[in-house]
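Now for the letters of each chain:
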Amino acid sequence: MSKKILEVKNLTVHFYTYAGIVKAIEEVSFDVFEGETFALVGETGCGKSVTARAITQLIESPGRIVRGEVYYNPDGERLNLLELPDEEIRTIRGNDIAYIFQDPQSSLDPLYNVGYQVSESLFVHGRVKSIKDGIKKAVNILRTVLLPDPERRVSNYPHELSGGMKQRVTIGIGISNDPRILIADEPTTALDVTVQAQILWLIKEMKKRYGVTVILITHDMGVVADMADRVAVMYAGKIVEVAEVTEVFKNPVHPYTQGLLKAVPNPLKKIERLETIPGTVPSLINPPSGCRFHPRCPEISKVCKEKIPELREVKKNHFVACHNR
Ligand SMILES: Nc1ncnc2c1ncn2[C@@H]1O[C@H](COP(=O)(O)OP(=O)(O)O)[C@@H](O)[C@H]1O
Ligand SMILES: [Mg+2]
């Protein structure tokens, strides 16, 4: 196996709201290996985006990273991203670790044409001498992400492009500085099905071409099956299972993962809401004691209410957080 490009250790993020402290993610730990596609999957609200954003200190008030370390290991270095000063983390964001978000609209500026925005990203990271100088490169980048007619489209404003085209532009901005890690947070959720397939295909192409490591966030097991090498399953702010995708589909071990996969005998079906597991996702202000899944678990024992289960290696490279496994 290749080296660990990213190590997330005990990452814990709370939001201090008027209603109470939202314990959005607790002790989240996982490694990402260079060159792989690592998926983070789980129902809406389970903490996927918070995890992704915390990695490069993108948590905003009233949120705070309470605990944890995130090590980024480029060549010969080991940097704790959570301890880097603003300026350094800003350089890493964009240069080394790029993001694509669910809603391309919100990551593009409505006031500038897309050529300007691609070029600006090149300029900010010192790849071109001026924004004007970068326009030619921007056209090339837009061609790479298969934006139709890039010479003309480069002077379009975001509102003049379809959702799929906008997402191509944000991917273009994402890859413009040749990042080592691309974090794609539900990059296709806002798009219709055919466009979804095209964008996923494009992410695969970019990965092949640039060898970028991908962290793919989704609530869709079909996307996991199609795209990922390994997967971490999240439930209510905790990781419950991590393994290779084929292993998880063949031998799911955690009762929650088993429920998930029962809910999707056809992996192309979405898991936004799980009807086959009784109960609802718990409040993260007062999460259940012990294992956060215990109120919905079909195999509960006494210890489940009392003790938080650790993520343990139950089989080579297969980790599960469950007292009964
Ligand atoms: N700005 C915020 N203020 C309060 N709670 C938040 C905020 N952002 C996220 N949360 C809470 O953190 C939890 C995880 O959210 P999120 O990571 O966005 O879920 P996912 O991406 O898996 O759908 C949710 O319970 C959500 O309500
Ligand atoms: Mg999200």
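The structure displayed is predicted, hence computed values, not measured ones.

Before going further, it helps to spend a moment on the overall build of the protein chain. Helix and strand content of the protein chain: 12 helices and 12 strands. Expected size for 325 residues packed as a compact globule is a radius of gyration near 20 Å; at 20 Å, the protein chain falls within 12% of this value. Once the C-alpha set of the protein chain is aligned to its principal axes, its extents read approximately 65 × 45 × 45 Å. The proportion of buried residues among the 325 residues of the protein chain is 54%. Distance from the positive charge centre (42 side chains) to the negative charge centre (40 side chains) of the protein chain: 3 Å.

Bringing helix H5 (residues 135–144) into the picture now. Taken residue by residue, H5 has Ala138, Val139, Ile141, Leu142 and Thr144 as its buried positions. The inward-facing, buried residues of H5 abut helix H4 (114–124), helix H6 (150–153), helix H7 (163–175) and helix H8 (193–210). A positive backbone phi angle near 60° is found at Leu146, which sits one or two residues after H5.

Scanning the entire structure with this criterion turns up 6 aromatic pairs. Measuring from ring centre to ring centre gives 4.5 Å for Tyr112 and Tyr116, while their planes differ by 15°; the resulting arrangement is stacked. A residue is classified by how much of its surface remains accessible, and Tyr112, at 36% relative accessible area, is partly exposed. Accessibility expressed as a relative area gives 26% for Tyr116, which makes it partly exposed. Members of the aromatic cluster, joined through ring pairs, are Tyr235, Tyr256 and Phe293.

Right, let's get into the sheet that holds strand E9 (residues 230–235). Strand pairing in a sheet is mediated by backbone hydrogen bonds. Such pairs are either parallel or antiparallel. Read from one edge to the other, the open sheet built from 8 strands follows the order E6-E7-E8-E3-E9-E10-E12-E11, with strand pairing classed as mixed. Two strands in the sheet have a free side with no partner beyond their single neighbour: strand E6 (97–100) and strand E11 (312–315). On average, adjacent strands in this sheet sit at an angle of 20° to one another, irrespective of strand direction.

Going from Ser61 to Pro62, the amide bond is cis rather than trans, its omega being 10°. When you line up the elements, Pro62 lands in the loop between helix H1 (48–54) and strand E4 (63–72). Positive phi, close to 50°, is recorded for Asn10, a residue that is not glycine. The residue Asn10 is located in strand E1 (residues 4–17) in this model.

What follows is about the site of ligand 1. Taken together, the neighbourhood of ligand 1 is formed by 13 residues, with Gly45, Gly47, Lys48, Ser49 and Val50 sitting nearest. At 3.2 Å, a backbone N or O of Cys46 approaches an oxygen atom of ligand 1. Between an oxygen atom of ligand 1 and a main-chain N or O atom of Val50, the distance comes to 2.8 Å. Contact with the protein chains hides 66% of the accessible area of ligand 1, taken as 560 Å² for the molecule alone. For the shell around ligand 1, the elements supplying multiple residues, two or more each, are E1, strand E2 (20–33) and H1.

Attention now moves to the packing of H7 against H8. H8 packs onto H7 with a crossing angle of 15° between their chain directions and a minimal axis gap of 10 Å. Taken together, the axis directions place H7 and H8 in an arrangement best described as roughly parallel. Between H7 and H8 the crossing geometry is right-handed. Facing H7, whose interface residues are Gly164, Gln167, Arg168, Ile171 and Ile175, H8 presents Val195, Gln198, Ile199, Leu202, Ile203, Met206 and Tyr210. Within the contact of H7 with H8, the residues separate by chemical class into 8 nonpolar, 3 polar and 1 charged.

The next point concerns the sheet that holds E2. Strand order across the open sheet formed by 4 strands is E2-E1-E4-E5, with antiparallel pairing between neighbours. With one partner strand each, in any of the chains shown, E2 and strand E5 (79–80) form the two edges of the open sheet. Of the strand pairs in this sheet, E1 and E4 are connected by 8 bridges, and their pairing is antiparallel. Looking at E4, one finds that Glu7 is bridged to Tyr71.

Time to look at helix H2 (residues 86–95). Buried residues of H2: Ile89, Ile92, Gly94 and Asn95, and no others. Summarising the contacts, the buried residues of H2 are in contact with E4, E5 and E6.

Reading the values: rules and limits
Residues numbered from 1 in each chain as written. Chains lettered and ligands numbered in written order. Predicted model: local features only at pLDDT ≥ 70, side-chain atom pairs only at ≥ 80, totals over all residues. Heavy atoms only, no water. Helix = DSSP H or I, 4+ residues; strand = E, 2+ residues; numbered from the N terminus. Rg over C-alpha atoms; globule rule 2.2 N^0.38 Å. Buried < 20%, exposed > 50% of the residue type's maximum accessible area, 1.4 Å probe, protein only. Lys, Arg positive; Asp, Glu negative; His and termini not counted. Charge placed at Lys NZ, Arg CZ, Asp CG, Glu CD. Contact = heavy atoms within 4.5 Å. Phe/Tyr/Trp six-rings, centres within 6.5 Å; stacked < 30°, edge-to-face > 60°. Pairing = 2+ DSSP bridges. Axes fitted to C-alpha atoms, helices over the stretch in contact; angles between N-to-C directions. Near = heavy atom within 4 Å. Polar contact = N/O pair within 3.5 Å; in protein donor to acceptor, adjacent residues only side chain to side chain. Areas by Shrake-Rupley, 256 points an atom, 1.4 Å probe, with all protein chains shown as cover. Parallel < 35°, antiparallel > 145°, perpendicular 65-115°, else oblique. Left-handed = near helix turned anticlockwise from the far one by under 90°. Nonpolar A, V, L, I, M, F, W, Y, C, P; charged D, E, K, R; others polar.

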